[in-house]
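# Structural features, examined
The residues making up each chain are set out below.
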Amino acid sequence: MTTSPPETKTGLRLGLATLAATGCLVAVLAAGLPVRAAESDPVLAKVNGSEIHASDVALAEEELGPSLAQMDPAAKKDNVLSFLIDMKIVSKAAEDKKIENNDDFKKRLAFTRNRLLMDSLLASEGKAATTDDAMKKVYEEASKQITGEQEVRARHILVETEDEAKAIKAELDKGADFAELAKKKSKDPGASDGGDLGFFTKEQMVPEFSAVAFALEPGKISDPVKSQFGWHIIKVEEKRNRKAPDFEQVKAQIETYVTRKAQADYVAKLREAAKVERMDKPAADAAKDAPKATTPPADTAKDAPKPADNKMAPAKK
């Protein structure tokens, strides 16, 4: 017998897996192809005559989740099948001992049933809501809040002291190459790229840095600028109006938002129609407990990865 079962993963993913399995079963029955169904879902083991199918292993993999992540596919399958065999054996022993008649078991079973029903229904509602039109609408609304915002592409050299910064500025004034000096003298992690920070908006950088960078014209180099990170020499390479990322680049984030919002809205609608009595707090406080939708994803496009995000030096904390 194997050791204790891996940690169980709960939530919508289990509901989705259950829906998928149910959908496959309905399709097979409608097509009237029991032989093909058996071929596509073979029996992998029998425990006292009770069959364990490939679909049972797939469902268990979904449920057991993270605890199997480091295993190779063959080891994972073997581990899960062994777990299911043990589960069959132990659950039969539990039935023989009439564990299902225990009050605690009944409560846990009722909770698990309700959770699975909830997850399955919310998964269905979320899936129905994530149409191309719905996601494109969210994308367009978010994009409107981004388009037109100014971005600057700049390089910088970061040093510890003002004297070091002044010395570097003197070299630059004599015609030294900015990128080469950044590689040699900057302590910023982006020094290997010649101090290139990519494009960034004002709020992405600490105020002292942004104020100078956005005031400089392209091609110009600043005097030493002090921030919490040290002393900067800044060179602005380019300015432009910010553009929203492509739809495909943020599609997964938008899909997640649309799904969660649809689920939250659905729960809120059901809750409005339900009679809920909270005995643990006054009615006025209980009314505040209704679920709320997630934050609109204007931030989905707005917070797409930017070249400056991984630069330690001037990025706002």
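Provided above is the structure to which this section pertains.
Predicted model, so just to flag it, every value in this text is computed and none were measured.

Quick notes on the rules
Residues numbered from 1 in each chain as written. Predicted model: local features only at pLDDT ≥ 70, side-chain atom pairs only at ≥ 80, totals over all residues. Heavy atoms only, no water. Helix = DSSP H or I, 4+ residues; strand = E, 2+ residues; numbered from the N terminus. Buried < 20%, exposed > 50% of the residue type's maximum accessible area, 1.4 Å probe, protein only. Contact = heavy atoms within 4.5 Å. Areas by Shrake-Rupley, 256 points an atom, 1.4 Å probe, with all protein chains shown as cover. Pairing = 2+ DSSP bridges. Axes fitted to C-alpha atoms, helices over the stretch in contact; angles between N-to-C directions. Salt bridge = Lys/Arg side-chain N within 4 Å of Asp/Glu carboxyl O.

Counting its secondary structure elements, the chain contains 12 helices and 6 strands. Looking at the chain residue by residue over its 317 residues, the buried ones come to 32%. Summarising the internal contacts of the chain: among those between residues at least 6 apart in sequence, 71% fall at separations of at least 24. Of the accessible surface of the chain, which amounts to about 19900 Å², a share of 54% is contributed by carbon and sulfur atoms.

Backbone geometry at asparagine 48 places phi at a positive 50 degrees, although glycine is not the residue there. Within the secondary structure layout, asparagine 48 lies in the loop between strand 1 (43-47) and strand 2 (50-53). A residue is classified by how much of its surface remains accessible, and asparagine 48, at 77% relative accessible area, is exposed. You will see that lysine 98, though not glycine, has its phi angle at about 60 degrees, which is positive. With respect to the secondary-structure elements, lysine 98 resides in the loop between helix 4 (73-96) and helix 5 (103-129).

One open sheet accounts for 4 strands, arranged 4-3-6-5; its pairing is antiparallel. Single-partner strands in this sheet number two, and they are strand 4 (196-200) and strand 5 (225-227). On average, each strand axis in the sheet is inclined to that of its neighbour by 40 degrees, with strand direction left out of account. As defined by bridge partners, strand 3 (residues 150-159) adjoins strand 4 across 3 bridges and the pair is classed as antiparallel. What sits directly across from valine 152, in strand 4, is phenylalanine 200.

Attention now goes to the pairing of strand 1. Here is the key point about a regular strand: its side chains alternate between the two faces of the sheet. Strand direction decides the pairing type here: strand 1 and strand 2, joined by 4 bridges, are antiparallel. Across the sheet, residue lysine 46 finds its bridge partner in strand 2, namely glutamate 51.

Moving on to the pattern of salt bridges. In this structure the tally under the stated criterion is 15 salt bridges. Its salt-bridge partner being glutamate 237, residue arginine 155 comes within 2.7 Å of it at the nearest N-O pair. Here arginine 155, found in strand 3, pairs with glutamate 237, found in strand 6 (residues 230-241); they are 82 residues apart in sequence, far enough to count as distant. Take glutamate 237: its relative accessible area is 27%, and that puts it in the partly exposed class. Notably, a salt bridge pairs glutamate 162 with lysine 166, separated by 3.6 Å at the nearest N-O pair. Of this pair, glutamate 162 and lysine 166 both sit in helix 7 (residues 162-173), 4 residues apart, which is roughly one turn of that helix.

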